[in-house]
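# Geometric and topological summary
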Amino acid sequence: ARCFYEEATALLLRGRAGCEEIKRKLSEERLLGVVVWICAFAVNQHASICDGFGPCPSSLEARKEYDSKRLSPVSGQEFPICKC
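No experiment lies behind these values; they were computed from the predicted model shown.

Here is what the cut-offs are and how they apply
- Residues numbered from 1 in each chain as written.
- Predicted model: local features only at pLDDT ≥ 70, side-chain atom pairs only at ≥ 80, totals over all residues.
- Heavy atoms only, no water.
- Helix = DSSP H or I, 4+ residues; strand = E, 2+ residues; numbered from the N terminus.
- Buried < 20%, exposed > 50% of the residue type's maximum accessible area, 1.4 Å probe, protein only.
- Contact = heavy atoms within 4.5 Å.
- Areas by Shrake-Rupley, 256 points an atom, 1.4 Å probe, with all protein chains shown as cover.
- Polar contact = N/O pair within 3.5 Å; in protein donor to acceptor, adjacent residues only side chain to side chain.

### Notes on the overall build of the chain
The secondary structure content of the chain amounts to three helices and zero strands. The linear arrangement of helices and strands in the chain, starting from the amino end, is α-α-α. Taking all 84 residues of the chain together, 13% fall into the buried category. A fraction of 28% describes how many contacts in the chain between residues 6 or more apart in sequence connect residues 24 or more apart. Here the chain displays about 7,300 Å² of accessible surface, and carbon together with sulfur accounts for 59% of that area.

### Considering the side chain of Arg70
Along the chain, the position of Arg70 falls in helix 3 (residues 60–70). For Arg70, a relative accessible area of 13% corresponds to the buried category. Separated by 2.7 Å, the side chains of Arg70 and Asp67 make a polar contact. Other than its neighbours up to four places away in sequence, Arg70 contacts Phe53, Arg63, Gln77, Glu78 and Phe79.

### Some thoughts on unusual backbone geometry
One non-glycine residue, Arg30, adopts positive backbone phi at about 60 degrees. Mapped onto the elements, Arg30 comes out in the loop between helix 2 (16–28) and helix 3. In this structure Arg30 comes out as exposed when scored by relative accessible area, which is 77%.

Have a look at this one:
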């Protein structure tokens with residue numbers, strides 16, 4: 001399955017016309033009847049990290065846990081931090 005997140009986001013920003021386009025695409029893929037849960041008020045916990053993730057541990061095991069909380073599991077990129 002391909003990722004539709006960015007395209008869906010852009011369509012949602014177009015209002016009703018964008019929502020209709022999403023419905024059309026889901027219908028074409030025979031996914032219109034699939035029920036999913038979407039939290040429109042989700043909070044990105046990493047966005048609230050101010051000025052860093054704390055010191056990097058020296059042990060390999062502790063570093064693995066540290067990285068699992070600091071890096072996106074999808075992209076492998078470090079989550080952005082707040083510069084406040």
